[in-house]
Amino acid sequence: MRILLIGPQASGKGTQGDLLAKKLGVRHLATGDLFRAEKQAGTELGKRITMSIDAGELVPDEVTWKMIKAHLDEQRGGWVLDGFPRTLNQAELLDAYAKPEKVVVLDTPDEICIERISGRRICETCGKEYHSKYKPPKQQGVCDVDGSRLIQRPDDNEEAVKRRLEIYHEQTEPLLAHYVDRLVRVDGSPGIDEVWQEIERKLGI
Ligand code: AMP
């Protein structure tokens, strides 16, 4: 099964992507997570993309495609992709490689995304995501997995959040027309369980 998850920042792509990949027994690949791991590891790629990421700008398509393709090449049984494609050009690159079978869109109003981002924290070591209200860690400010400190993402500042929402509406939303024949629209505004139940129901899984 090859599934895309599309939605604005904090619409729940990461959380629902994990649930979906687990249920389908495939890998969940999120370009944002892969880029943050490169940044954290201080690789050449990590150094090149840091400025774009922190400002909420997109990384150039050639760079993004090269990185995600290397990961896709390792997945024979399918994948759940989140955060890619984000532009029409990226969608065309992916179509030429392997067409997604379903495209799940998490429809979430900007105000809800902004409210969710204010409570979002990530582990400074492993990158696992939390939310103070919706997905709290067992101990406040500490990662459940490795005990490291939880921090705010550098691109979750007001300016970068605004820029990312603009990019979503201008460059990513047009993908909905591109994938119109395989679109599964889900309301991303309710809580995690409710959204997940709707995804399960609409995908028939
Ligand atoms: P995310 O974790 O999905 O919010 O992604 C964080 C950042 O990584 C984005 O704001 C971009 O700078 C970069 N990024 C992630 N996915 C892509 C993509 N498909 N194309 C270009 N840049 C991306």
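Residues numbered from 1 in each chain as written. Predicted model: local features only at pLDDT ≥ 70, side-chain atom pairs only at ≥ 80, totals over all residues. Heavy atoms only, no water.

1. Structural notes on the sheet that holds strand β6 (residues 129-131)
Right, so step 1: The sheet built from three strands is open, its strands ordered β6-β5-β7 with antiparallel pairing. Both outer strands of the open sheet, β6 and β7 (150-151), are each paired with one neighbouring strand and no more.
Right, so step 2: Strand direction decides the pairing type here: strand β5 (residues 120-123) and β7, joined by two bridges, are antiparallel. Paired with Ile122 across the bridge in β7 is Ile151.
Right, so step 3: Along the sheet, helix α6 (residues 110-118) makes contact with β5 and β6, crossing β5 at roughly 45°. (Pairing = 2+ DSSP bridges. Helix = DSSP H or I, 4+ residues; strand = E, 2+ residues; numbered from the N terminus. Contact = heavy atoms within 4.5 Å. Axes fitted to C-alpha atoms, helices over the stretch in contact; angles between N-to-C directions.)

2. Some remarks on helix α4 (residues 61-72)
Right, so step 1: Here α4 contains 12 residues, and its C-alpha end-to-end distance of 16 Å stays within 8% of the 16 Å for a straight helix at 1.5 Å per residue.
Right, so step 2: Along α4, the residues classified as buried are Asp61, Val63, Thr64, Trp65, Met67, Ile68 and Leu72.
Right, so step 3: Looking at the buried side of α4, the elements it contacts are β2 (27-30), α2 (31-41), α3 (44-55), β3 (79-82) and α5 (88-97). (Expected span 1.5 Å × (residues − 1). Buried < 20%, exposed > 50% of the residue type's maximum accessible area, 1.4 Å probe, protein only.)

3. Describing the packing of α2 against α3
Helix packing geometry: the angle between the two helix axes and the distance between the axes.
Right, so step 1: Interaxial distance between α2 and α3 falls to 8 Å at its minimum, and their mutual angle equals 120°. On the basis of the axis angle, α2 is oblique to α3. In this structure, the crossing between α2 and α3 has a hand that is left-handed. Across the interface between the two elements, Phe35, Glu38 and Lys39 from α2 touch Leu45, Gly46, Ile49, Thr50, Ile53 and Asp54 from α3.
Right, so step 2: Here the residues of the contact of α2 with α3 sort into four nonpolar, two polar and three charged. (Parallel < 35°, antiparallel > 145°, perpendicular 65-115°, else oblique. Left-handed = near helix turned anticlockwise from the far one by under 90°. Nonpolar A, V, L, I, M, F, W, Y, C, P; charged D, E, K, R; others polar.)

Take it as geometry only, folks, not as evidence of what the structure does.
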